[in-house]
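# Coordinate analysis (summary)
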Amino acid sequence: MTLWYLARGSGLVLLAVLTANLVLGIAIQGGWHPGAWPRFAVQAVHRNLALLAVVLLVIHVVTIELDPFVPVGWWAALVPFVSPYRPFWLGLGSLSLDLIAAVVVTSLLRSHLRLRWWRVIHWLTYLSWPVAVLHSLGTGTDTRLTWVFGFEVGCVGLVAATVIFRVGRANRYRAGVRVLLMAAAAATPMAVLVWSAAGPLQSGWARRAGTPTTALASGAPTAAGARGRPPALAPFTASFLGSATSSPSGQVETISISGRVQGGAGGQLMVSLVANQLPGGSLAVDRGAVTYRPATGSQIYTGAVVSVGPGSLIFRLAPRGGAAMPAELTMNGPVPASSVSGLLYLGSVAAGPAGGDGGQDS
Ligand code: HEM
């Protein structure tokens, strides 16, 4: 779960840092200078932002590779267009990485290179940015979230505005050429909007983008859509293996159960129960929340515990904005314990002592 958040978060912060550095680079080239800042300080900011981008890129790639939910493969991070997961759109990320790597390596070897060659290669930075933006829009499962999409289009708008500023000051070009370049820059955010509306914002994009059908079947990468109906999971029965810890605080005790689901849609299940201590030492569960993340894709299913029986929890699970389905976790042995095993029934409830599946959704 942490890996998944880190993978997406690092991608978004990376895009912000690359955009900020590109804007700074273009603005400096265009003769802009921030107030009292000496030239070397501005250059140091430019260099440090580039270093930060490299660190974030490493985090982004490593977390994507370690996260079992997105099948990418280490080679695909470096070699464009060979990934089994969204090959073209992920390949653009790899291409952007290669271009950035070329700029970083040649910058480190700058004293050994002719200035002209170094400059030519440094121009690749300009190419790596739009390639990275297209990768973000086409690969990101969050593109359909309004704030993520707004942020990504905002980056494009910021760079377009800076290019307009830069071209406006470039007196060495003829007026006609400048107007043309400025019009092209101004039209770019609009073009991104139109393309996104026909592509990544459409439902069914995950399939068109080349998400493996195994990942689609378990319901996930298509699902991040804030619009469109998230898919329900097919019912299954699977074994559960995990652990449970308890943290008492006065009369209240919080019990956390987490572990792997083996079989069905696989993945990770987490339960958090809040219980009151009764006289005599027994516990009465007051409320509980459940989070289920299938093995593939990015959809998260959450819900509330609706009833608790001996060795059994009945709850409802729903994807964000989607319909809830009943579920039950039966556990062998006492809880809390360092090892908890049992069965997870999703889409149906076992005929156990707790019975019934009514209750509220999350
Ligand atoms: C400069 C290069 C890169 C930038 C700026 C970048 C940026 C991003 C951004 C902004 C997202 C969207 C995150 C979201 O929707 O929440 C994303 C998603 C993703 N990136 Fe990258 N990326 C780059 C390179 C790479 C590389 C080399 C790989 C190869 C391993 C990669 C793999 C992915 C994957 C698999 C996702 C989808 C994650 C998900 O939403 O579940 N990226 N990237």
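Taken together, 30 residues lie near the ligand, and Arg8, Gly11, Gly93, Gly140 and Asp142 sit nearest. Listing elements by their share of the shell around the ligand, those giving two or more residues are helix H1 (2-29), helix H2 (39-66), helix H4 (87-108) and helix H6 (124-139). It is H1 that provides the largest number of residues to the shell around the ligand, a total of 7 residues. Tallied by class, residues from the shell around the ligand come to 16 nonpolar, 12 polar and 2 charged.

Attention now moves to the pairing of strand S5 (residues 301-309). Where strand S4 (residues 283-293) meets S5, 4 bridges bridge the pair, whose relative direction is antiparallel. Its bridge partner being in S5, Ala289 is matched across the sheet by Ala304. What sits between S5 and strand S6 (residues 312-319) in their antiparallel hairpin is a turn of 2 residues, with Gly311 showing a positive phi close to 70°.

Our focus in this paragraph is the packing of H4 against H6. Where H4 meets H6, the axes come as close as 8 Å, and the angle between the chain directions of the two elements is 155°. With respect to H6, the axis of H4 lies roughly antiparallel. As for how H4 packs across H6, the hand of that crossing is left-handed. Packed against H4, whose contacting residues are Trp89, Leu90, Leu92, Gly93, Leu95, Ser96, Leu99, Ile100, Ala102 and Val103, the element H6 presents Leu124, Thr125, Leu127, Ser128, Val131, Ala132, Leu134, His135, Gly138 and Thr139 at the interface.

Turning our attention to the environment of Leu201. Positionally, Leu201 belongs in the loop between helix H8 (175-198) and helix H9 (205-208). Of the residues examined, Leu201 has 18 C-beta atoms within 10 Å and is grouped as partly exposed. Along the chain, Leu201 and Phe149 lie 52 residues apart, while their C-alpha atoms are 9.0 Å from each other. Other than its neighbours up to four places away in sequence, Leu201 contacts Arg144 and Ser196.

We now examine the confidence of the model for the protein. Per-residue pLDDT for the protein averages 83, and the proportion of residues at 70 or more is 87%. Confidence drops under pLDDT 50 across residues 213-228; counting only partners more than four residues distant or on other chains, this segment forms 51 contacts.

So, on to unusual backbone geometry. Notably, Phe81 is not glycine yet its phi reads approximately 70°, a positive angle. Here Phe81 shows up in the loop between helix H3 (74-78) and H4. The exposure class of Phe81 is partly exposed, given the 13 C-beta atoms found within 10 Å.

Now for the environment of Val274. Tracing the chain through its elements places Val274 in strand S3 (residues 268-277). For Val274 and Arg287, which are 13 residues apart along the polypeptide, the C-alpha to C-alpha distance reads 5.5 Å. Those residues in contact with Val274 that sit more than four places away from it in its chain are Val252, Thr254, Asp286, Arg287 and Gly288.

Thresholds, definitions, all that
Residues numbered from 1 in each chain as written. Predicted model: local features only at pLDDT ≥ 70, side-chain atom pairs only at ≥ 80, totals over all residues. Near = placed C-beta within 6 Å. Helix = DSSP H or I, 4+ residues; strand = E, 2+ residues; numbered from the N terminus. Nonpolar A, V, L, I, M, F, W, Y, C, P; charged D, E, K, R; others polar. Pairing = 2+ DSSP bridges. Axes fitted to C-alpha atoms, helices over the stretch in contact; angles between N-to-C directions. Parallel < 35°, antiparallel > 145°, perpendicular 65-115°, else oblique. Left-handed = near helix turned anticlockwise from the far one by under 90°. Contact = placed C-beta atoms within 7 Å. Buried ≥ 20, exposed ≤ 12 C-beta atoms within 10 Å, placed from the backbone. pLDDT = per-residue confidence, 0-100.

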